[in-house]
Structure formats: structure tokens, C-alpha cells
Amino acid sequence: MQPPATVAALCGLARHLSLVVLTTGGEVIAATEAAERALQSRPASIVGRAWPELCADPPARTRAYLSQCARTLDPVPGAFQRELDGARIRFRCEGYAVAAPDRPERVIVLQIRQQERQDRFITLGQKIEELNIEIIRRQNSERQLAEARARINTILDQMPAGVLLLEAPSARVVYTNHQAEEIAGGPIGGVDGYSCWRPDGRAYRPEDLPVVRALAGEVVTAEVMHFLRAAEERRAISVNAVPIRDSAGTIVAAVATYYDITEQTRLEQAMHTARAEAETANRAKDEFLAILGHELRNPLAPILTALHLMQLRGVGAEKERVIIERQVRHLARLVDDLLDVSRITNGKIELKREPLELGTVVARAIELVSPLLEKRQHDLAVDLPSRGLLVEADPVRLAQVVSNLLQNAAKYSDPNGRIWVSGRLDAESRQVVLTIRDAGYGIAPEMLPKIFDLFMQERQPLDRSQGGLGLGLAIVRNLVDLHGGTVSIDSEGKGCGTEVTIRLPAIVRQARAGERGSDGRSSSAAGAATSRILVVDDNQDGAELLSEALHAQGHATRVAYDGPGALRIARDFAPQIALLDLGLPVMDGFELARRLREQPGLERIQLIAVTGYGRDEDRGRSSGAGFNAHVVKPVDLDSLEPLIRELLDRQAL
């Protein structure tokens, strides 16, 4: 058997050393001349044979020793015996594994010595042998270290992060991977030479850099840095840096990893800018709607008041008056819907809850919608107990919900249609259930999932166009949600009608005596009381008509068009109640209110703010300024008269 060339070369160079070369399986593949002399054997008698067969020791122990040698590059001391001329001679040995480039696996090299000679002296040849073995061992270690370093460099170059290694204490760069140079825009010769700053704009000094701070023992985690790289391009990176210590705890180096977050930072800045722009646009929208409501209500107020006076005086052209009044009220309702949806979507609706019978709320809603029901000659069937369906709700807002649904049922049904309203108590879920059903146009299946979205309306034929802004159902859903309830709509399709179901938490108790009656009003007497009322508004038509309407109801009235004029009139007239427009020239309504109450005898005057602004914050501002009530234009005279009576009663206390 011919040994591999490398093994043969080794045996030739170290022929004065007693070396035996084995496979990891224990087969002898070569031996030096010195080894042949020590073993007193010719090469042909040992090459190709199994080493355990050549030894006088138990084969299992010999194989275990060879297995240990095959697993390490360090010499493994051992001993064996051999039968020579009828006597057993003891040998000492050292075995270790060696990688042979022309073999697929390592080989085991055994250095052998006779025990007797080893105990007496160490020859110069043996010393040289030991030195050669140490040289071979170190060469193997260096080669393996170089291979390990190459593997580590390959891994680091494939990392998605840049890696930078600095030695201590010089802060000299000793290693950078490909990603670090890619981020920096070229080779990194040192930590200086870069313009670096923090996100707040503060510049880094060289000693403040994360990797330099790590050399001082600091652990840096996800610190964001901005810098200009070689191409004068601004980049943003996230840095982690840690110190590296030796076994004694001394810092010998620091390593830092860098992640390029430039695009992520740009996206975050764009999102922040977009969010700020959206918030600004939302505020501008709210302000626009408030101003729009104010500007639209100002001309509506005198129109409605004039119509009311025409009715009181029995002026002719009744048909035209009714048409004008209906259209003006429709326009006012659109303005209210716009402002309502703005308040609801911004979470500015504040409910004034109280125990209510659902029948009372439905009766009020039917009263509000009755003109439309009568006009279209619908047949309304109500199956609702007057008592026993008790909920905790805001009477005004819940009536708004029901009236919106009744209006939809009336508008989207052919004339002479049928509408059913029913209510019941679901004892199992402890909910009050209200159902409004019609036999009208119905809803297409594809529209049902988005029917409650803002500005969502199903396209109608021209002869069935009912107007509106598509806000009603969105307002209904949000108001029901605020009451802790749910609302759902079902329709089998076009021409099959619609059914709306509202579920609200029930109060399982009876209403106390003295609560609101079926008309939603308290049981106090309704008799009108004559009073002195001052009306102040820079819209002269509106002021004059409102004054005439109040005068027709039996009140003594005076009119002023600005603050100074109102103060002059008040000194002689001594009004009990003042209706003040807040947007007055010269002196606004807030200043006028304060000045009126400073006049002798007017300390208890009841002040009503009259304005086109009806948001919650507007009402809060007027209340904080001392106004007793807040009325939104156009003024509803039917609701103004009870308010005046209430304020007079309060003033008399």
C-alpha cells in the first residue's frame, strides 16, 4: 500500500523521528525508519496492518486511545506494549490528528519511544522531534484560525447591518464590513472626517460618537444619528455599540453595528407632516362649518320670523307662505346636520341623559315628522306601549334619531305608503328594541354594508330625488352608539322596503310621577307671562321681525342694533330679558352682557345668547360669560316662548 504523497514526504523529512502514521480507523499507512527500528519490524510487516494487532494491549483500549487522538490537534500521551523476541517491551507515545491536503480526512501521527530509554535520557534527536511536532501543531492551528477568520468575515459581509471594530485605547479602526463602507459611502479610515448630528440638530464631537463612548465602557442601544457621507448625501442611521473586554475585564476593543434608516425616517417625517396637515385641515373644516352655519342662519332667522308674523296676521298667499316655510326649515335642517356630523365625528357631543319612556320619544319624533307624513299621505301604524319601555337617554338626541329614520321612511316610499313603528322589551338581553319598517324603495344588497357611512346615498332616479347630504344615517349610528346601543338596517332589495332596528339598554323600573309627559315637556303651567324684552342684533330685519313676533305674543319689546344703543335703551326700559346677538359691531355680545348687568336694577336680568354658532364650545363660552340660555339662529318661536317663561320663573325666585 502506497501512502499519500504528503504522508510519504513527512516520513522522509522526519526519518530520524519515530513516527507511525495511521488512518482514523487505526490502519498503518506509513512509518519512519526510526519507528521501524524501535518496533524492530520491516515496513512491509506493519504497513497495511491494524495498529491494535501490532500491540500486546487489549484491542478495545488501543482503539479508544486512537479515537481520542483523532479528535484533537494537541498531543495525547499514551502507552502500549509489543511482543519482541518473546519479551514484552513497553513504549510511550503521543498521538495527534493532522490534516493532509491530499486526503479527504485527517490522519493520526504517533510518536513512539521505548520506556527504558525515555526514563534514562532525552537525546538531541528526540528534542528536535518535539520541536518539529510543535511546529506542525502551530501551523495547523494558524491555518484553522485563518479559515475561521475567513468564515467570520464572510458572515459579517452578508449581514444587513454595518459593522465597525475599534481597538482600545487608540480608537484605531481595525475592521469594517462591506455594509459599513456602503453606508459611509466609501472606506472608513477613522471616526473623524464625518459631519454628524443628533435628530435635534446638535453636532457630535468625536468623543461623543457611540462607538468611542463604548471604548469608555458605555453600552449604546438604537441611537439615531444623521451624517453627510462622502457624496454629500444626508443619511440617518441607528447605532448599537458595546465594549469588548478580555478575561481580566479590561476593555480591548469596541464594536458597533449600523442600520440605515434613512427611508424609514423620511416616511415617518412624511406621515407626521401628513398628520399635521390633516389635523389643520380638520380644524379648518370645523371652523368653516361653524362660520357657514352662522352665515346661513343669519338670513334664515328673519325669513322664519316673517313667515310666523304672516301666519299670526292672517296675511294672504297661504300656499306660498307654506312652501317658503317648508323650504327654509329644510335648509335649516341641512345646516344642523352638517354641524351635528362635525361635532359627532370629533367626539364633541355631550348627552344629557335621563330616564325616558320610549313611547314619549317616539311621540315627539312623530310630531316633528307629521308634516311630511301628511304631505305624502302615508299610513303610519304604531304598536308601542306608552309605558314599560324605559331607557336612559338624551330626549332631544334620541328624538332626533327616531325622526331621522321616520323621515327616511317617508321620503323613500311612494305616496300613500305604509310605515310601521313597533317597540318591545327583550327580557333576555335586557334591551329595548325599536323597529321602523316601510314598504318603500328598499336598498340594493351592495349598499347595505356602507349605508351608515358619511355622505353615502344610493343613486335615485330623477323623479325620486329627495335631496339631502347623506348624513342622516351616519348621525343616527353615532348617536345610538353614544347611547350604548346598536342600529342595523335590513332590506331584501330594490322595491322590497326597509327595516331599521335600534337596540338600547333597558332600565327595568317604572318612571316616577312628575317626569316628562308624552309631549316631552314638564307639567308646569303653560300660561304666558307678559315681560319686558330687549332685542339686540345688527341684522335690522331680523331684530325688527323678532321684536314684532314677541310683541304679538304679548311682550313689551325694544330693539337696538349695537351695544351702546342697547345700554341707552336699557337705562329707561329696564328689560327683564335681553336677547343678544354675540357678533355685534363696536361692542360684542359678551361685553354688552357684562355692561348690562353692571347697570343699577339689572343685576338679575336674564340673558339669552342669539347666534349662528351652535357648537358645544360656543355654548360653553356663552354660559361662562353669564348667559342664562343659548339659542341658535334661526330662532324657533315655538320653543322660545317656553324658554322665556322658564327664565321669568327663575328670575322671580
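Note that this is a predicted model, so its numbers are computed, not measured.

Cut-offs and rules
Residues numbered from 1 in each chain as written. Predicted model: local features only at pLDDT ≥ 70, side-chain atom pairs only at ≥ 80, totals over all residues. Heavy atoms only, no water. Phe/Tyr/Trp six-rings, centres within 6.5 Å; stacked < 30°, edge-to-face > 60°. Helix = DSSP H or I, 4+ residues; strand = E, 2+ residues; numbered from the N terminus. Buried < 20%, exposed > 50% of the residue type's maximum accessible area, 1.4 Å probe, protein only. Lys NZ or Arg CZ within 6 Å of the ring centre and 35° of its normal. Contact = heavy atoms within 4.5 Å. Pairing = 2+ DSSP bridges. Polar contact = N/O pair within 3.5 Å; in protein donor to acceptor, adjacent residues only side chain to side chain. Salt bridge = Lys/Arg side-chain N within 4 Å of Asp/Glu carboxyl O.

**A closer look at the packing of aromatic side chains**
Tallying each qualifying case throughout the model produces four aromatic pairs. When the ring of Trp51 is compared with that of Phe80, the centres are 5.1 Å apart and the planes differ by 75 degrees; the resulting orientation is edge-to-face. Linking Trp51 in helix α4 (residues 51–54) with Phe80 in strand β3 (residues 76–84), this pair joins segments that are 29 residues apart in sequence. Seen from their ring centres, Phe590 and Phe627 are 6.1 Å apart, and the 85 degrees between their planes marks the pair as edge-to-face. Here Phe590 is found in helix α17 (residues 589–598), whereas its partner Phe627 is found in the loop between α18 (616–624) and β23 (629–632), with 37 residues between them in sequence. Neither Phe590 nor Phe627 differs from the other in exposure class; each is buried. Lying across the ring of Tyr204, Arg198 places its NZ or CZ 4.2 Å from the centre. If you follow Arg437 out to its NZ or CZ, it ends over the ring of Trp420, 4.2 Å from the centre.

**Considerations on the environment of Ser238**
If you trace the backbone, Ser238 turns up in strand β10 (residues 234–245). Its relative accessible area of 13% is what places Ser238 among the buried residues. Distance from Ser238 to Ile261, taken between C-alpha atoms, is 6.6 Å for residues 23 residues apart in sequence. Aside from chain neighbours lying at most four places away, what touches Ser238 is Ala222, Glu223, Thr257, Tyr258, Tyr259 and Ile261.

**Here's the deal with the pairing of strand β21 (residues 577–581)**
In terms of burial, β21 is largely enclosed, as five of its five residues are buried. Where burial is concerned, the two faces of β21 agree: the one with Ile577, Leu579 and Asp581 and the one with Ala578 and Leu580 are both buried. Where strand β19 (residues 532–536) lies against β21, four bridges are found, and the strand directions are parallel. Residue pairing across strands places Val535 opposite Leu579, the latter belonging to β21.

**Some thoughts on the environment of Lys633**
For Lys633, the location among the structural elements is in the loop between β23 and α19 (637–652). Note on Lys633: relative accessible area 3%, which makes it buried. Residues Lys633 and Val610, spaced 23 residues apart in sequence, show a C-alpha to C-alpha distance of 6.6 Å. Here Asp537 takes part through its side chain, which lies 3.1 Å from a polar atom of the side chain of Lys633.

**Overview of the environment of Ala543**
Examined against the element boundaries, Ala543 turns out to sit in helix α15 (residues 540–552). Note on Ala543: relative accessible area 1%, which makes it buried. Counting along the chain gives 18 residues from Ala543 to Tyr561, while the straight-line C-alpha distance between them is 7.7 Å. Leave out the neighbours within four places in its chain, and Ala543 touches Val535, Asp537, Val559 and Tyr561.

**Concerning the pattern of salt bridges**
Evaluation of the coordinates by the stated rule reveals 19 salt bridges. Close ionic contact of Arg650 with Glu646 constitutes a salt bridge, the shortest N to O distance being 3.1 Å. Here Glu646 and Arg650 lie together in helix α19, a separation of four residues that amounts to about one turn.

**A few points about helix α14 (residues 472–482)**
Where α14 is concerned, the buried positions are Leu473, Ala474, Ile475, Val476, Leu479 and Val480. At the exit of α14 stands Gly484, carrying a positive phi of roughly 80 degrees.

Geometric values such as these leave the question of function open.
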